[in-house]
Amino acid sequence: AKSGVAPILAHCRAGQSPRWSLRPLEPAMADAMRHLFAEVFAPNAMSPEVFTWKYGLGRGLGMTAWRHGELVAFYGGLPRRIFHQGRETQAVQIVDVMVRGKERGILRREGVFFQTAATFIEAYVGYGTDIPFGFGFPTERHHRVAERLGFYVVVDKLHELSWPCRAGPAAWGYRLVPLGADAIPGQARTINRLWVAMRNSLPQAILGVRDGRFIRHRYHDHPSRRYEYYLLRRAFTRQPLALLVLAAEDGIWHLRDYVGDLRHLPAAIGQ
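Residues numbered from 1 in each chain as written. Predicted model: local features only at pLDDT ≥ 70, side-chain atom pairs only at ≥ 80, totals over all residues. Heavy atoms only, no water.

Focus on the environment of A42
Phase 1 of the analysis: The topology assignment puts A42 in the loop between α1 (30-40) and α2 (48-55).
Phase 2 of the analysis: In the structure, A42 is positioned 194 residues away from F236 in sequence and 51 Å away in space, judged by C-alpha atoms. (Helix = DSSP H or I, 4+ residues; strand = E, 2+ residues; numbered from the N terminus.)

Written out as structure tokens, the structure reads:
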């Protein structure tokens, strides 16, 4: 991996050629990857713009498996800057894991899922690479498969909180100010300060970096989704305390992200 050439892991018997050809993702494979995505995750599809936003310009990593000239499996990951033990380092979030239906029956170590995932991890993640951590949010079924093959282990759980919104007095001393999407690039310095406050309020946590550069790419530059942004301020001094990123889906508001000292989160939710 350090030489720029990803190692290839192959499981084959003497006298037999490998069943699949494994290759790192290249720009020329975009159409094949999107076609497999549409086949596996129908009716969802991935537009060329979303593929570029995820994987273009070296932003994403992927390992592909081919058989008879057709893409049959893909294991993708998005590098993410994180803050860990007082310094910035790298992690990779595993995304877009897919295997063509006819190839899914082999879920053992000689199967295409194992070959593709193991080669990705060997090439890009862990000791001897620039990315020491990997993480993801697989479904229960996918996690069971990957855990049985020795790839994943549960380290924590996510809890989804929901509540009805009722009109009423907001928390005293605060004000929630809407920001237009066009204002986000110009708020980079403010977001950077809020990120430092968030980082300092969670010194023991592993945190995904949420600075102005991240917020702009992850939300503002998304080619197909639109988000709304709000600044939580002190009512009288106008001091920025937190940034909230929200999205409305089917009549429900989703708090997609929060940047700021954690102690201001209750006031932000109250607003």
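Details of the nonpolar core
Phase 1 of the analysis: With 28 residues, the main nonpolar core has W195, I215, Y219, Y229, L243 and L244 as its most contacted residues.
Phase 2 of the analysis: If you list the elements that add at least two residues to this core, you get α5 (188-201), α6 (212-220), β8 (228-234), β9 (240-249), β10 (252-260) and α7 (265-270).
Phase 3 of the analysis: Of all the elements, β9 adds the most residues to this core, at seven residues.
Phase 4 of the analysis: Beyond its immediate sequence surroundings of up to four residues, Y219 is in contact with F214, R225, Y227, Y229, V245, R256 and D257. (Core = buried A, V, L, I, M, F, W, Y, C linked by side-chain atoms within 4.5 Å. Buried < 20%, exposed > 50% of the residue type's maximum accessible area, 1.4 Å probe, protein only. Contact = heavy atoms within 4.5 Å.)

Describing helix α4 (residues 140-148)
Phase 1 of the analysis: Residues H143, V145 and A146 constitute the buried set of α4. The arc enclosing the buried residues of α4, seen along the axis, measures out at 165°, which places them on a common side. Set apart from the buried face of α4 by more than 90 degrees, the exposed residues are E140 and R148. (Arc of directions from axis to C-beta.)

Looking at the sheet that holds strand β6 (residues 174-179)
Phase 1 of the analysis: With antiparallel pairing, the four strands of this open sheet are ordered in space as β6-β8-β9-β10. Unpaired on one side and paired on the other, β6 and β10 mark the two borders of the sheet. Strand-to-strand twist in this sheet, taken as the mean axis angle between neighbours without regard to direction, amounts to 30°.
Phase 2 of the analysis: Sheet topology places β8 next to β9; six bridges connect them, and they run antiparallel. Opposite L231, over in β9, you have L243 as the bridge partner.
Phase 3 of the analysis: Set on the sheet, α5 makes contact with β8, β9 and β10; between it and β10 the angle comes to about 80°.
Phase 4 of the analysis: This element, α6, spans β8, β9 and β10 of the sheet and lies at about 165° to β10. (Pairing = 2+ DSSP bridges. Axes fitted to C-alpha atoms, helices over the stretch in contact; angles between N-to-C directions.)

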